[in-house]
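Residue-level structural notes
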2 protein chains.
Amino acid sequence: MGRAAREAADAMRTAPPEKRSGAIRAIARHIRHRAIEILAANAQDVAGATNLVDRLLLNEERLEAMARAVEEIADLPDPVGKVIEQWTRPNGLEISRIRTPIGVIGMIYESRPNVTADAAAICLRSGNAVILRSGSDALRSSLAIGTAISDALAEAGLPEGSVQVVSTADRDAVGLMLEGLSGAIDLIIPRGGKALVERVQREARVPVLGHLEGVCHTYVHASADPDMAAEVVRNAKMRRVSVCGSTETLLVDRDAAPKLLPQIADALDGCELRGDEAARAIVPMAEASEDDWHAEYLEPILAVKTVADVDDAVAHIRRYGTGHTEAIVAEDGAAAERFLDRVDSAIVLWNASTQFADGGEFGFGAEIGIATGKLHARGPVGPEQLTTFKYQVRGNGQIRP
Amino acid sequence: MGRAAREAADAMRTAPPEKRSGAIRAIARHIRHRAIEILAANAQDVAGATNLVDRLLLNEERLEAMARAVEEIADLPDPVGKVIEQWTRPNGLEISRIRTPIGVIGMIYESRPNVTADAAAICLRSGNAVILRSGSDALRSSLAIGTAISDALAEAGLPEGSVQVVSTADRDAVGLMLEGLSGAIDLIIPRGGKALVERVQREARVPVLGHLEGVCHTYVHASADPDMAAEVVRNAKMRRVSVCGSTETLLVDRDAAPKLLPQIADALDGCELRGDEAARAIVPMAEASEDDWHAEYLEPILAVKTVADVDDAVAHIRRYGTGHTEAIVAEDGAAAERFLDRVDSAIVLWNASTQFADGGEFGFGAEIGIATGKLHARGPVGPEQLTTFKYQVRGNGQIRP
């Protein structure tokens, strides 16, 4: 598998962009073509599943959505060969920094069968080969989708090794991939729960682009417009509570809390609040414990803490945040800029919902996840983030003194 | 140490650029001020040294060169806060991607005491805190330089934790750093021989920016100007044989070899040649074995292989190269562009010496090494490559539909 992927990566890297786009479109077509087999395989997975049935479930509608998502990726600009920077040295050497694929990516994921199609399309868009290791719950579905992908690659004239779905469900496959399949894998991307990502980060012998936790904060500054604060906080927490960019802790300036907090609490109808003493003196709510400041609830629960000022909010985020996404709601531009400067998270927003933490919302077209590490890529990971670069240097006989 | 570094990293990140520049200049000043102690400590290291004495040796001249190199880094532009990209979304959100420091860098290196000053200055320039672990051979010298650095930090009003030199010479220090000092280290940079880098890449639990091997190739195409070919190959191999960017294998188009190889061989006076059969039929030289195609000699030895054409040269490089630096000498632009496109190395040159593989020659001002991996940074690693980025998003109350 490793050898096949490595050879395919060379073919992918040098294939013209249209060929990659054609292959991605063919994937969508062949997924539709094999709908009956894929849904049958999925029915077996669902029958054998112990939990997460909804994430696992495919139906005609979801299959069509999967195919359309793949077609959208086919329409994205191809990042390979794009010039990032270009400059000329005093000795006349012309240096360009251009995007190139990373090579072979290993994806390890859990129950969502659509990840198989998504990941294949994004990796092809960025010129990479990929080895996909689906969770055992969704294995039959993933293999059926993998067959459609193989058909598409053959039709497009790209090596089958460009996208390979690991057929065994046993845990050794993960172990081998984490070892890098003896040098064949350049980057591992885990996609799933905290336990999976932690295992991958602990055991991987190759670089990992991982999404760990999103303990996101929204800080309402004393200068905030009360209506905007209420609406932004409601959206940041309640639009979808299960996404990594949902706000888990609300920070409010203590002095302005009596003015701001009641309206925010009203807007959070249906959300359980857990607050510190000052917050609870203003709005009746449960008492927050130390654990609540660390919690990624992914549920309609919000921790509420009062702070003295911007620096106090930044200090709380530094201590309890996970470097994912934080927002400030403020009319005071100086306070907002201080927050944008001081908070060291992948995404820092001013007067906007933390739920904008998404590759699509950033204009990346598609994303394979949000990276919470600091190296290589940070934040939404789209096709461009799945590339590296090389330097092309053009001279006319220069030698180094 | 980890805690001190983490706290210092926050202070460094938010310090104004002038403060960082001032601290770097102060380092140079205090190195000069403590010249006597540093040279005395170095004399003890040299007395106790078993090998590498020249790399280890400091004298007044080398100390002054070290101080001047540090001052040059103080004059480099500060990358922190620089806007990389900026765009506005249809919903009005203004997104900027800006450079931020990585945080805490761990450097593990061998006998050159000047690395202590260099690495400290480059890490400060990029807004990072650094933990330096010197080779035991150079430990006394490094600690003496570290004292000068501490004086400089105190004078500049930056936390002493910004630059820490590990005082113990025992190997546990390396082990603890490779474990990441329980979350305190964001990136490990090994600098030294292959054994050190391999151990770090094998054992590190945190991302590694490593320089492994430079098996660099220069390919002389049939269309090459014979004089240029001879001069570029001579410089690529012989200017300095011990640097990682020196050419280790010469590839020559077989049909043009009778015309090109003799003049190249003459230019390589003082260099041992080891060739394949076709090469040896043109110029008398030793016979190359399979090992020679893999060899990073770092000596006046050059492997010589004849190839059928550009694609054959690319195939040889794909098989034996280490992804460091390769060059083509050609007048035929189409052949050159094919080589620049197909060779997947950090640096690919056309009509220039592979010895230009250097951060200074690229205009980075200084470098901490050449990265041979593909993630985060590739090629010369200067201050900019020691940064990451974050997204700042400015809105006016946007919520996500």
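Residues numbered from 1 in each chain as written. Chains lettered and ligands numbered in written order. Predicted model: local features only at pLDDT ≥ 70, side-chain atom pairs only at ≥ 80, totals over all residues. Heavy atoms only, no water.

1. So, the overall build of chain A
Threshold: Secondary structure counts use DSSP, requiring at least four H or I residues in a row for a helix and at least two E residues in a row for a strand, with both numbered from the N terminus. Each radius of gyration reported is based on C-alpha atoms, and the globular scaling rule is 2.2 Å times the count of residues to the power 0.38. Throughout this description, buried means an accessible area under 20% of the type-specific maximum (1.4 Å probe, protein chains only), exposed means over 50%, and partly exposed covers the range between.
Looking only at helices and strands, one finds 16 helices and 16 strands in chain A. In terms of overall dimensions, chain A is globule-like: its C-alpha atoms have a radius of gyration of 24 Å, near the 21 Å expected for 401 residues. Viewed in the frame of its principal axes, chain A has a C-alpha envelope of about 70 × 65 × 35 Å. Across the 401 residues in chain A, those meeting the buried criterion constitute 59%.

2. What about helix 6 (residues 114–125) of chain B?
Residue and element names in this part refer to chain B. The line we're drawing: Here the expected length of a helix is defined as 1.5 Å per residue gap, with one fewer gap than residues.
Here helix 6 spans 17 Å end to end across twelve residues, near enough to the 16 Å set by a 1.5 Å rise per residue. Burial within helix 6 is extensive, with eleven of its twelve residues counted as buried. Buried within helix 6 are the following residues: Val115, Thr116, Ala117, Asp118, Ala119, Ala120, Ala121, Ile122, Cys123, Leu124 and Arg125. Note on helix 6: the residue one or two positions beyond its end, Gly127, has a positive phi of about 80 degrees.

3. Brief notes about the interface of chain B and chain A
We apply this condition: What makes two residues a contact is simply this: any of their non-hydrogen atoms within 4.5 Å. The quantity reported as buried area is the accessible area (1.4 Å probe) lost by two parts once they are put together, taken as the sum for both. Salt bridges are defined by distance alone: a side-chain nitrogen of Lys or Arg within 4 Å of a carboxyl oxygen of Asp or Glu. Counted as a polar contact is a pair of N or O atoms within 3.5 Å, where, for protein atoms, one must be capable of donating a hydrogen and the other of accepting one, and residues adjacent in sequence contribute only when both atoms are in side chains.
Of the residues lining the interface, 71 residues belong to chain B; the matching set on chain A comes to 71 residues. Contact with chain A buries surface across chain B, with Leu375(B), Tyr391(B) and Arg400(B) losing the most and accounting together for 14% of the total. Linking chain B to chain A there are ten salt bridges. The closest approach of N and O atoms between Asp344(A) and Arg13(B), which form a salt bridge, is 3.9 Å. Connecting chain B to chain A are 51 residue pairs in polar contact (both at pLDDT 80 or more). Those elements that place two or more of their residues in the side of chain B that touches chain A are helix 1 (2–14), strand 1 (83–88), strand 2 (94–101), helix 10 (226–238), helix 15 (333–342), strand 13 (347–352), helix 16 (359–362) and strand 16 (387–398) of chain B.

4. Comments concerning the packing of aromatic side chains
A ring pair, where both rings are aromatic, is described by two values, the distance of the centres and the angle of the planes. Let me state the cut-off plainly: Whether two aromatic rings pair depends on their centres lying within 6.5 Å, for rings of Phe, Tyr and Trp, where Trp uses its six-membered ring; planes under 30 degrees apart make the pair stacked, over 60 edge-to-face, and the rest tilted. The criterion is that NZ of a Lys, or CZ of an Arg, lies within 6 Å of the ring centre and within 35 degrees of the ring normal, and then a charge sits over that ring.
Scanning the entire structure with this criterion turns up 14 aromatic pairs over all chains. Pairing Tyr219(B) with Phe339(B) gives two aromatic rings, centres 5.8 Å apart and planes at 25 degrees, and the pair type is stacked. Of the two residues, Tyr219(B) is situated in strand 7 (residues 216–220) and Phe339(B) in helix 15; the sequence distance between them amounts to 120 residues. Residue class for Phe339(B) comes out buried when judged on its relative accessible area of 0%. What links up through ring pairs into an aromatic cluster is the set Trp87(A), Phe389(A), Tyr391(A), Phe362(B) and Phe364(B). Sitting over the face of the ring of Phe389(B), Arg97(B) holds its NZ or CZ atom 4.1 Å from the ring centroid.

5. Points about the sheet that holds strand 8 (residues 247–253) of chain B
Put simply, the rule reads: At least two bridges found by DSSP between two strands is the condition for calling them paired.
With respect to topology, ten strands assemble into an open sheet ordered 1(A)-2(A)-16(A)-13(B)-12(B)-7(B)-8(B)-11(B)-9(B)-10(B), the strand pairing being mixed. At either end of the open sheet lies a strand with only one pairing partner, and these are strand 1 (83–88) of chain A together with strand 10 (286–287) of chain B. Looking at chain direction, strand 16 (residues 387–398) of chain A and strand 13 of chain B are connected through five bridges and run parallel. Bridge pairing in strand 13 of chain B links Arg394(A) to Trp350(B).

6. Brief notes about the sheet that holds strand 4 (residues 129–133) of chain B
Residues and elements named next belong to chain B. Convention followed: Under this scheme, a helix contributes an axis fitted over its contacting stretch, all axes are lines through C-alpha atoms, and angles between N-to-C directions fall in the 0 to 180 degree range.
Pairing is parallel across the open sheet formed by four strands, whose spatial order is 5-4-3-6. If you trace the sheet from one side to the other, it starts and ends with strand 5 (163–165) and strand 6 (187–191), each paired once. For this sheet the average axis-to-axis angle between neighbouring strands, irrespective of direction, equals 15 degrees. In this sheet, strand 6 lies alongside strand 3 (residues 104–109) in parallel orientation, the contact comprising five bridges. Bridge pairing links Tyr109 to Arg191 in strand 6. Those strands touched by helix 7 (residues 139–156) are strand 3 and strand 5, and its axis lies near 155 degrees from that of strand 5. Across the sheet, helix 9 (residues 194–203) touches strand 3 and strand 6, and the angle it forms with strand 6 is around 160 degrees.

7. Let's talk about the pattern of salt bridges
Per the counting criterion, the structure on display carries 66 salt bridges over all chains. Note that Arg97(A) and Glu85(A) form a salt bridge whose closest N and O atoms lie 3.0 Å from each other. Here Arg97(A), found in strand 2 (residues 94–101), pairs with Glu85(A), found in strand 1; they are twelve residues apart in sequence, far enough to count as distant. With relative accessibility at 31%, the residue Glu85(A) sits in the partly exposed group. With its nearest N and O atoms 3.3 Å apart, the salt bridge here joins Glu361(A) to Arg400(B). Taken together, the residues span two chains, with Glu361(A) in helix 16 (residues 359–362) and Arg400(B) in the segment after strand 16. Residues joined in a network through salt bridges with shared partners are Asp10(A), Arg13(A), Arg318(B), Asp344(B), Lys374(B) and Arg378(B).

8. Let's talk about the domain arrangement of chain A
We count it as follows: Each domain's extent is set by a domain assignment, obtained either automatically or from a database.
For chain A, the domain assignment lists domain 1 (2–210 + 381–394) and domain 2 (216–356). Just the C-alpha atoms count here: the centres of domain 1 of chain A and domain 2 of chain A sit 36 Å apart.

9. Topic: the nonpolar core
In plain terms, the rule: Only buried residues count toward a nonpolar core. Its members are Ala, Val, Leu, Ile, Met, Phe, Trp, Tyr and Cys residues joined through side-chain atoms within 4.5 Å.
The biggest cluster of nonpolar side chains holds 53 residues, and the ones touching the most others in it are Ile31(B), Met107(B), Leu132(B), Ile368(B) and Leu386(B). Among the elements that line this core, the one with the most residues is helix 6 of chain B, at eight residues. Discounting residues that sit within four places of it in the chain, Met107(B) has contacts with Val115(B), Ala119(B), Val130(B), Ile131(B), Leu132(B), Arg133(B), Met177(B), Ile189(B), Arg191(B) and Ile368(B). With 52 residues, the next largest nonpolar core counts Ile38(A), Ile105(A), Val115(A) and Ile122(A) among its residues.

10. Notes on the pairing of strand 13 of chain B
Every regular strand shows the same layout, with side chains that alternate between the two sheet faces. Residue and element names in this part refer to chain B. What counts, and what does not: When the strands point away from the viewer, a crossover counts as right-handed if the route from the first strand across the helix to the second turns clockwise.
For strand 13, the buried fraction is high: six of the six residues fall into the buried class. Pairing of strand 12 (residues 325–329) with strand 13 involves four bridges; the strand directions are parallel. From the neighbouring strand, Thr325 faces strand 13, where its bridge partner is Ile347. In this fold, strand 12 hands off to helix 15, which returns the chain to strand 13; that crossover is right-handed.

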